[in-house]
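# Summary of structural features
Listed below are the residues making up each chain.
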Amino acid sequence: MEKRGKRQHTSSDSDSAEENRIKDLKERDEFAKRLKKRDEEKTKKVSESSSKRSYEEAAKRLKLEAEDRTKILPKLRVQSRRKYLEKRKEDKVIELEADIADDEYLFDESILTEREKKEREHKKTILLLAKEHEKARELENVQRYHMPRDLGKGEKGEYIEVDENEKLPHSEQRKWEQEQIKSAFFKFGAKDAKAQDEYELLLDEQIDFIQALQLEGNKEKKEDEEKSEYQKIRMTIAETKKSLPVFPFKQSLIEAINNYQILIVEGETGSEIQRINLGNAVLTLKALGINDLIHFDFLDPPPHETLVLALEQLYALGALNHHGELTKAGRRMAEFPTDPMLAKMLLASEKYKCSEEIVSIAAMLSVNSSVFYRPKDKIIHADTARKNFFHRNGDHLTLMNVYNQWVGSDYSVQWCYENFIQYRSMKRARDVREQLVGLMERVEIDMVSSISDDANIRKAITAGYFYHIAKFSKGGHYKTVKNNQTVMIHPNSALFEELPRWVIYHELVFTSKEFMRQVTEIESKWLLEVAPHYYKSNELEDSTNKKMPKTLGKSANNK
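Summarised in this report is the structure supplied together with it. Note on numbering: residues in each chain are counted from 1, in written sequence order. Thresholds applied to this predicted model are a pLDDT of at least 70 for local features of residues and 80 or more for the giving and counting of side-chain atom pairs; totals over whole chains, interfaces and linings are not thresholded and use all residues. Side-chain measures were taken over the full set of non-hydrogen atoms in the model, leaving aside hydrogen atoms and water.

### Concerning the overall build of the protein chain
Working definition: helices are DSSP H or I runs of at least four residues, strands are E runs of at least two. Numbering for both runs from the N terminus. Each helix and strand counted, the protein chain has 17 helices and five strands in total. Note on contacts: a residue pair is in contact if any heavy atoms of the two residues lie within 4.5 Å. The contacts of the protein chain with a sequence gap of at least 6 include a subset with a gap of at least 24, amounting to 69%. Residue burial considers only the protein chains on display, and all accessible areas are found by Shrake-Rupley using a 1.4 Å probe. Counting only carbon and sulfur atoms, one obtains 53% of the accessible surface of the protein chain, whose full area is about 38600 Å².

This is the structure we're talking about:
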């Protein structure tokens, strides 16, 4: 009886799952039909309005031409008269020059009367004056100073009184941008080797052709004491190199590079960018009705393992069902030209009633690495201004604060200057946000606000980025939940000194260590709410969500 009951229960669960799948596919197809119908209506309206607008513009143009003809004709007459007189003057000068030449060739001066001599001299004087007048006009066109006109916005030839770098309010921001661009260029090969005193090339064994091409300089030989100090520095650097996670694989990596022309290095972040781009491509293909991606004839076929990982991620995000079919959520996600996790975050904002805030965060994430700038002569002021935007719960909400305050300033350039924020980045974020809002409306998501409840905002972020979860471990480090990889909060983060127990991050950046960028505090129980299929309760056993003691991290005051 018990076995029969279990079989009946399993059968009922299977039937229920199949019913849900069929219902979801039906809703997906209905959504696709509505989307297609709206696109057709929009295309029809655009074509009708375009033809009507073209007719109106043509009629208006003809009317303006008729009205302005009487005004244009007098001006054309004046211009034509001037051109005629200019051409007539040139012809007369040529004619006079030819007349003098013929007269001198045919009649010698000795046989001329006094009157004829005076007439010949008079012609030469007129010719000389005409040529000097022409030269003077040419010289005047080249050298004469003209007062600059006040040109309109966007026109070329703007008159500049001072160097543009000296103008306010953008001077320091532009100066910083120029310094960043300048620092991106790599210069080498100076004969004077003084610049090499401070920096040395850190290679265990220099390649032969590098040593052969090294230019001689005037660097004097150092004393043995200085060499010993340099050796100490080299030893410190060597220790740092050995501490890097990749160092144990150095020799095998070098051998692989020598043996193979192409290498694919996979890891938690190594193939993540490729997987994100591929995930968006998979959604697009699925939306077009292409289901057999394993045997699809890609122009540049991705590695089989990467394709499988992308499909697994889309399944975890709810974009695909267990049959590999595109769900309604996946069909809506395919409308966003973003990575699937960001698209899922935008869709989740509908459930948590915070679409206005999430779309602002998504737009700011597209420019997150270039929002703030730090002029060398005002580093303290820039850091203070940055901290004024910090939110107690993390960086995603900090970015939202920045955008909302910029909107409150009426998109002010001066406000950006005073807060050491790059206006170009904010302008780009505004453009991205407008596009995302249009796509949200396209997939039938109402724009609503829940700015007072930041928990819902953080839940929506977690629904999209539950792959990126890290937990503070007993050893005093953060470790990713699934891969147990040691990571750290980036020093620029609002949570750098707080050390919350559970965090979600936007991306990992590898320098000397693995840093989490754009970090926000979450509660572990949210993971069971937004991704119960991905996380188990035993993985999230610590649900206290308490911050670490102040001896390990300093808590900031609530703002």
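### Some details on helix H10 (residues 340-351)
The span expected for a helix works out to 1.5 Å for each residue beyond the first. Between its first and last C-alpha, H10 extends 17 Å over twelve residues, near the 16 Å set by a 1.5 Å rise per residue. Among the twelve residues that make up H10, ten are buried, leaving the element largely enclosed by the rest of the structure. Think of it in three bands: residues with accessible area under 20% of the maximum for their type are buried, residues over 50% are exposed, and the middle band is partly exposed, with areas taken using a 1.4 Å probe on protein chains only. Those residues of H10 not exposed but buried are Pro-340, Met-341, Leu-342, Ala-343, Lys-344, Met-345, Leu-346, Leu-347, Ala-348 and Ser-349. Identification of polar contacts relies on pairs of N or O atoms within 3.5 Å, with a donor-acceptor requirement for protein atoms, meaning one able to donate a hydrogen and the other able to accept it, and with residues adjacent in sequence counted only if both atoms are side-chain atoms. With a side-chain oxygen lying 3.1 Å from the backbone nitrogen of Met-341, the N-terminal cap of H10 falls on Asp-339. Taken from the residues just after H10, Lys-353 is the one with a positive phi, measuring 55 degrees.

### Looking at the packing of aromatic side chains
Aromatic rings from Phe, Tyr and Trp, taking only the six-membered ring of Trp, are treated as a pair when their centres fall within 6.5 Å; an angle between ring planes under 30 degrees marks them as stacked, one over 60 as edge-to-face, and anything in between as tilted. Applying the stated criterion to the full structure yields twelve aromatic pairs. When the ring of Trp-406 is compared with that of Tyr-411, the centres are 4.9 Å apart and the planes differ by 80 degrees; the resulting orientation is edge-to-face. Grouped by ring-pair contacts, the aromatic residues Tyr-403, Trp-406, Tyr-411 and Tyr-423 constitute a single cluster. The criterion is that NZ of a Lys, or CZ of an Arg, lies within 6 Å of the ring centre and within 35 degrees of the ring normal, and then a charge sits over that ring. A cation sits over an aromatic face here: Arg-430 above Tyr-411, 4.7 Å from the ring centre.

### Quick look at the sheet that holds strand S3 (residues 486-489)
Strand order around the closed barrel formed by five strands is S1-S2-S3-S5-S4, with mixed pairing between neighbours. Shown here is a sheet whose adjacent strand axes are inclined to one another by a mean of 50 degrees, direction ignored. Two strands pair when backbone bridges link them, and strand S4 (residues 502-510) and strand S5 (residues 514-521) are joined in this way by seven bridges, in the antiparallel orientation. When the bridges of S5 are listed, Tyr-505 appears paired with Val-519. Two strands form a pair only when DSSP identifies at least two bridges running between them. To get an axis, a line is fitted to the C-alpha atoms, and for a helix only the part in contact is used. The angle between two axes follows their N-to-C directions and goes from 0 to 180 degrees.

### Observations concerning the pattern of salt bridges
Salt bridges are counted wherever a side-chain nitrogen of Lys or Arg sits within 4 Å of a carboxyl oxygen of Asp or Glu. A complete count under the given rule lists 25 salt bridges for this structure. Of the charged contacts in the structure, one is a salt bridge between Arg-374 and Asp-383, with a shortest N-O distance of 2.9 Å. Residue Arg-374 is classed as partly exposed on the basis of its relative accessible area of 42%. Judged by its relative accessible area of 24%, Asp-383 falls in the partly exposed class. Connected via shared salt-bridge partners are Asp-39, Arg-331, Glu-335 and Arg-442.

### As for the packing of helix H11 (residues 355-365) against helix H13 (residues 395-408)
In helix packing, the relevant descriptors are the interaxial angle and the interaxial distance, both defined with respect to the helix axes. Contact geometry for H11 and H13: axes closest at 9 Å, N-to-C directions at 95 degrees. With respect to H13, the element H11 is oriented roughly perpendicular. Note on element contacts: H13 touches H11 through His-396, Leu-397, Leu-399, Met-400, Val-402 and Tyr-403, opposite Glu-357, Ser-360, Ile-361, Met-364 and Leu-365. Only Asp, Glu, Lys and Arg are considered charged, only Ala, Val, Leu, Ile, Met, Phe, Trp, Tyr, Cys and Pro nonpolar, and every remaining residue, Gly among them, polar. Its residues placed into classes, the contact of H11 with H13 shows eight nonpolar, two polar and one charged. Angles below 35 degrees are treated as roughly parallel, those above 145 as roughly antiparallel, those between 65 and 115 as roughly perpendicular, and all remaining angles as oblique.

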